[in-house]
Amino acid sequence: MKNLNKSIFRVLMLAGGFTFFSGCSDFLERRPDTIMTDDQIFGDAVMIRSVLANYYGRVSWGQHISDDYTYTILDEAGKSDGGPDNIQNYANNLWRVYDYTLIRNINQFLQGLRETTALVDEEKQTYEGEARFLRAWTYFNMARGMGGMPIVGDEVFDYQSGIDITTLQYPRSTEAGIYDYIIAECDAISTLLSDNTNTHAARANKWVALMLKARAAIYAGSLANYNNKMTSPIRTPGGEVGIPADRAQGYYEQALAAAQDVINNSPYELQLNKPDDLQRNFYEALSIKDNNTEVIWAHDRIYPGTGQQTGFTTRNIPGSHAEDIDRAYAGPILNLVEDFEYTDNRNGDIRIRDNQDDYVFYDDPLDAFANKDARLGGTVILPNALFKGIPVPLQAGQKVWNNGSWQTIVGQLDERDGAGRLITSTNGPNRTNDQYVNKTGFFFRKFLDEASGASTRGRNSEMWFPRFRFAEAVLIAAEAAMELGQQPAAVGYINQVRERAGIQPLASVTLDDIIQERRVEFAFENHRYWDLKRFRRAHIVWNGVVNSPTAQQYALFPYLVVAPGTPNDGKYVFDKLVFSNSLHPRFFELRNYYNFIDLAWQNANPKIVLNPFQ
């Protein structure tokens, strides 16, 4: 090895360090402070591990808890700190991935890895599988945003003076071609990787590769299916965008086979450690690492470790429970909360008014959510629910019965009236521009860390972010079976997830059922945006219409009833309000189904054709 692959370690230093793996301290033991030669890198087993560890730290795209504002872009959460978000349209480069620097670095790594004698063959095989998985994951994230993109294989391009530069310019693959490549890579990778679990799901194994195969295949199948059912399918003449409809069945078959392999043969399962408390069970299945049987691959974090913690808990903890100045940056919106069914009613709308348009009164604000899908309580902190064993008060004000009508009284935070009754909670919600006060009526629970000190700036949280988990395998199997006309299998799979949530089983499965189930199962897990895109529903749900039930963001405000001498005195009522910190309904346009190609990329490589609507 005579070349200097300086770009590998230059990128490492610019990234400011390496990714640490909780419980895998031997995976990363030191970091370099100089640019090193290939011989120095690949002659040292520890340095090889360090390079691979860095790649794991460079593959976070889309929504994630290190950037909680990404949840407020869609219909999952709303921004609470300060003034309105002013979001309406979606950017042409939203969550766009074009990381050929990383792909080049991985290809350089693979070259050196295959030649090194510093590792035994078994280690080399495992590291090759992990590196190729991260490369396939990178291509997948490019594909779901932009369609087909250049596939460079194992090539490492080195420009030398006088070289014909056109030999370095690859055209875009077809959209089908890039998914075929990802699926084929996952098949090959799965034979290189261990089928054992690893600490806190931090590294790729065989089942992680098969999960990527299943996800890529179900995406490709739904694109081939639903894009071609549009009045004007979105495609380019060369197929860089647009998968032929006759490919759908094959992709669904591949997705079903891969998902079933994970379901039937992996060491993972739907976690059910607390059958008597399904809300707590769901929270722990997503947010507690130790002894977790559900999460297959996650972006893990540990404390201490430079830059490894996340501030999600610090920024979003209720004010009543805060350990530092930060709190309530964002909160789930009513749109999401009402999509969780009741155990006896698939309509999850909260009962606010009765048939005579009078308020529905509750002894406790939490009673409005009784008998809801258990995943709601494991995902969202509801008014007066417990967090760390202490109630989280959410009260916007009082509804005072005055001369035959209701008068709304709003106070300062934690203010009480002359009788000592609370007017407005320390948490809000309110409709002002007050910073650090809830505006939606709900707080996050999923991924909110219960550990002491986790909401302080000095410590922050070591909460992970799951990328693949067993429930996704089950719902991919349900979707693929439904699309292949295998209703009994589809029903069996989807009801496994619904049974754990404590809600009624289904007798048949439709696409709407799949969309609904994924909506509530995977809230805040970076699925919603991509699901509505691949099903070609995004422009229908986020239609830009004022007061649309799906495009407009809504809040739910609880009030204490003050009506002395009546049976409702001391009870609670709710108002459904347009979310004050979101001025506009979300508006997804047809052009948003594919990110725009940066013209600088085309200037550097004229073989890259532009996407539709550019």
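Everything numeric in this text was worked out from a predicted model, so none of it was measured. (Residues numbered from 1 in each chain as written. Predicted model: local features only at pLDDT ≥ 70, side-chain atom pairs only at ≥ 80, totals over all residues. Heavy atoms only, no water.)

**Brief notes about the overall build of the chain**
Piece 1. For the chain, the count of helices and strands is 18 helices and 14 strands.
Piece 2. Considering the chain as a whole, with its 614 residues, one finds that 60% of them fall into the buried category.
Piece 3. Put simply, of all contacts in the chain between residues at least 6 apart along the chain, 73% involve residues at least 24 apart.
Piece 4. A total accessible area of about 23,200 Å² is found for the chain, and carbon and sulfur atoms account for 47% of it. (Helix = DSSP H or I, 4+ residues; strand = E, 2+ residues; numbered from the N terminus. Buried < 20%, exposed > 50% of the residue type's maximum accessible area, 1.4 Å probe, protein only. Contact = heavy atoms within 4.5 Å. Areas by Shrake-Rupley, 256 points an atom, 1.4 Å probe, with all protein chains shown as cover.)

**Some thoughts on unusual backbone geometry**
Piece 1. Put simply, Gly 428 and Pro 429 share a cis peptide bond, and its omega is 10°.
Piece 2. As for its position among the elements, Pro 429 is in the loop between strand S10 (422-424) and strand S11 (443-444).
Piece 3. Despite not being glycine, Phe 447 has its phi angle at roughly 75°, a positive value.
Piece 4. Mapped onto the elements, Phe 447 comes out in the loop between S11 and strand S12 (465-469).
Piece 5. Looking at Phe 447, the relative accessible area reads 0%, which means it is buried.
Piece 6. At Arg 536, a position not held by glycine, the phi torsion is positive, near 60°.

**A few points about the side chain of His 321**
Piece 1. Tracing the sequence through the fold places His 321 in the loop between helix H10 (312-316) and strand S3 (330-332).
Piece 2. When its relative accessible area of 8% is taken as the criterion, His 321 is described as buried.
Piece 3. At 3.1 Å, the side chain of His 321 and the backbone oxygen of Ile 390 are in polar contact.
Piece 4. Dropping the residues within four chain positions of it, His 321 is found in contact with Phe 387, Ile 390, Pro 391, Val 392 and Ser 455. (Polar contact = N/O pair within 3.5 Å; in protein donor to acceptor, adjacent residues only side chain to side chain.)

**Observations concerning the sheet that holds strand S13 (residues 554-562)**
Piece 1. If you walk across this open sheet you meet the four strands as S8-S7-S13-S14, and the pairing is mixed. Among the strands making up the open sheet, the edge pair consists of strand S8 (405-409) and strand S14 (572-578). Between one strand axis and the next, the sheet turns by 35° as a mean value, whatever way the strands run.
Piece 2. Across seven bridges, S13 lies against S14 in antiparallel orientation. Of the residues in S14, the one forming a bridge with Pro 558 is Phe 574. (Pairing = 2+ DSSP bridges. Axes fitted to C-alpha atoms, helices over the stretch in contact; angles between N-to-C directions.)

**Quick word on the pattern of salt bridges**
Piece 1. The tally for this structure, following the rule as stated, stands at 44 salt bridges.
Piece 2. Note that Arg 586 and Asp 85 form a salt bridge whose closest N and O atoms lie 3.0 Å from each other. Linking Arg 586 in the loop between S14 and helix H18 (599-604) with Asp 85 in the loop between strand S1 (77-79) and helix H4 (100-115), this pair joins segments that are 501 residues apart in sequence.
Piece 3. Where Lys 399 meets Asp 575, a salt bridge forms, and the shortest distance between an N and an O atom there is 2.7 Å. Pair noted here: Lys 399 is in strand S7 (residues 397-402) and Asp 575 is in strand S14, with a separation of 176 residues, a long-range link.
Piece 4. We classify Lys 399 as buried; its relative accessible area is 5%.
Piece 5. For Asp 575, a relative accessible area of 13% corresponds to the buried category. (Salt bridge = Lys/Arg side-chain N within 4 Å of Asp/Glu carboxyl O.)

**Re the packing of helix H8 (residues 248-265) against helix H13 (residues 470-483)**
What describes two packed helices is the angle between their axes and the distance between those same axes.
Piece 1. Running from N to C, H8 and H13 cross one another at 145°; their axes reach a closest spacing of 8 Å. When the axes of H8 and H13 are compared, the crossing they make is left-handed. Across the interface between the two elements, Tyr 252, Ala 255, Leu 256, Ala 259, Val 262 and Ile 263 of H8 pack against Phe 470, Ala 473, Val 474, Ile 476, Ala 477, Ala 480, Ala 481 and Glu 483 of H13.
Piece 2. In terms of residue class, the contact of H8 with H13 is built from 13 nonpolar, no polar and one charged. (Left-handed = near helix turned anticlockwise from the far one by under 90°. Nonpolar A, V, L, I, M, F, W, Y, C, P; charged D, E, K, R; others polar.)

**Describing the pairing of S13**
For a regular strand, the rule is simple: side chains alternate between the two faces of the sheet.
Piece 1. Across the nine residues that make up S13, a large majority, nine, are buried.
Piece 2. Residues Tyr 554, Leu 556, Pro 558, Leu 560 and Val 562 line one face of S13 and the alternating positions Ala 555, Phe 557, Tyr 559 and Val 561 line the opposite face, and both faces are buried.
Piece 3. Note: S7 against S13, four bridges, orientation parallel. Note on S13: the bridge partner recorded for Lys 399 is Val 561.

**Overview of the packing of aromatic side chains**
Piece 1. All told, the structure shown has 39 aromatic pairs when counted by the stated rule.
Piece 2. For the ring pair Phe 369 and Phe 442, a centre distance of 6.0 Å and an interplane angle of 80° mean the geometry is edge-to-face. On the criterion of sequence distance, the pair formed by Phe 369 in the loop between helix H11 (334-337) and helix H12 (374-379) and Phe 442 in the loop between S10 and S11 is long-range, its members being 73 residues apart. Both residues of the pair, Phe 369 and Phe 442, count as buried.
Piece 3. Centre to centre, the rings of Trp 542 and Phe 588 are 6.2 Å apart; their planes meet at 45°, and the pair counts as tilted. Separated by 46 residues along the polypeptide, Trp 542 in the loop between helix H17 (538-541) and S13 and Phe 588 in the loop between S14 and H18 bring together distant segments of the chain. The residues Trp 542 and Phe 588 share a single accessibility class, namely buried. (Phe/Tyr/Trp six-rings, centres within 6.5 Å; stacked < 30°, edge-to-face > 60°.)

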